[in-house]
Amino acid sequence: MVRGALGDVDAFLQSASDVVIVSHINPDGDAIGSMAAMGHIVRALGKRVTFVHETGVPQRFSFLLDAPCVAYDAQMNPHAYVICVDCASLDRIGAVQRMCHGAVLNIDHHATHNYVVPLAASTTHVLMDVLRHLRVPLTQPLASCLYAGLLTDTGGFRFRSATADVFAVAHELVCAGADAHALAFRLLEQKTMQHVHVLSRALQTLSFACGDKVAWVALDREALAGAAEDDIEGIVHIPTTIAGVHVGVLFKQKDDHEVKVSLRAQANINVAHIAQQFGGGGHIAAAGCTVYDTMERAIQRVIAAVCAVL
Ligand SMILES: [Mn+2]
């Protein structure tokens, strides 16, 4: 583990009496789990907390927060003390940036901020160090929030980030009262009705190319109507996790001539290179781009580019 400046956290919290806590747009379980956990930590130190988010909190994560989260509006007063959690950079908090008029503490596991542990599995994993340092007791509600972030950011302890250290932290959190079964059900297994509708539409379009080494699904605007970004979460895994498939692709139609493409590689294939051909980018095994063309043509062009490297 890399040690960041825990002294920054001290200095910030010593001078603040009233803190705004915020996370990134399209929040995931780690974002909301970290906001909620940070809320518990700050309150344990006798300070006031306000949760703010650009778009509000997706319903399935809202049970983690023990106080309402205010959806940002431009009339809101600037604030002297803002804590961002799970944000690789400040612009990830969207319009809430306009509220930051003073000290900003950024606690994350992605990049270089006030306090970052880049090798940590989740921001809530990093927050374990923060609460130990501040000698905040690990209560049951706090343990649940921390566990929620660890669980979701490791894909249910399935990703490479699920190290022995992660299981040691998970053990500590379950001992402190985090309900592993209930949290796994609510955060990983339970689906929204919208998700199931989108999934059903996606499966109807499941297609293969290149000797079944490429699989793709496509969601047109009608299939996406009423679905939030969170409802589409995980759909790209459907083509990608089929045995024998090397590259899985999800096409999402945004407009008549605008299609968002997500590429995932199972084998040792660099899908970032393919996304770059269309002006996008990403990682070797997970990349994306936007193709300004009709759905039909976008599918043709991207699948041809994928098949060309197989
Ligand atoms: Mn995270």
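In the block above lies the structure referred to throughout.
Residues numbered from 1 in each chain as written. Predicted model: local features only at pLDDT ≥ 70, side-chain atom pairs only at ≥ 80, totals over all residues. Heavy atoms only, no water.

A. Main features of the coordination of the manganese ion. Taken together, the protein ligands of the manganese ion are D30 (OD), D86 (OD), H109 (NE2) and D153 (OD), with distances of 2.1 to 2.4 Å. Positions of the donor residues of the manganese ion, expressed as sequence spacing, correspond to D-x55-D-x22-H-x43-D. Separated by 23 residues along the polypeptide, D86 in the loop between strand 4 (79–85) and strand 5 (100–108) and H109 in the loop between strand 5 and strand 6 (115–116) bring together distant segments of the chain. Assigned by exposure class, D86 and H109 land together as buried. (Donors = N, O, S within 2.8 Å, 3.2 Å for Na, K, Ca; no water. Helix = DSSP H or I, 4+ residues; strand = E, 2+ residues; numbered from the N terminus. Buried < 20%, exposed > 50% of the residue type's maximum accessible area, 1.4 Å probe, protein only.)

B. Representation of unusual backbone geometry in the model. Within the chain, R135 stands out as a residue other than glycine whose phi angle is a positive 55 degrees. Its location among the elements puts R135 in the loop between helix 3 (123–134) and helix 4 (140–153). Even without being glycine, D212 reaches a positive phi, approximately 65 degrees. Assessed through its relative accessible area of 48%, D212 is described here as partly exposed.

C. Focus on the side chain of T124. By secondary structure assignment, the location of T124 is in helix 3. By relative accessible area, T124 is classed as buried at 1%. If sequence neighbours within four positions are ignored, T124 has contacts with D30, G33, S34, C145, L146, G149 and L150. (Contact = heavy atoms within 4.5 Å.)

D. Highlighting the sheet that holds strand 7 (residues 207–209). Spatially, six strands are ordered 7-8-9-10-12-11 in an open sheet, and the strand pairing comes out mixed. Edge positions in the sheet fall to strand 7 and strand 11 (281–282), since each has one partner strand and no second. Where strand 7 meets strand 8 (residues 214–219), three bridges bridge the pair, whose relative direction is antiparallel. Across the sheet, the residue bridging to S207 is W216, located in strand 8. Helix 12 (residues 295–308) rests against strand 7, strand 8, strand 9 (247–255), strand 10 (258–265) and strand 12 (286–291) of the sheet, and its axis sits at about 155 degrees to strand 9. (Pairing = 2+ DSSP bridges. Axes fitted to C-alpha atoms, helices over the stretch in contact; angles between N-to-C directions.)

Purely spatial values, then, with no claim about function.
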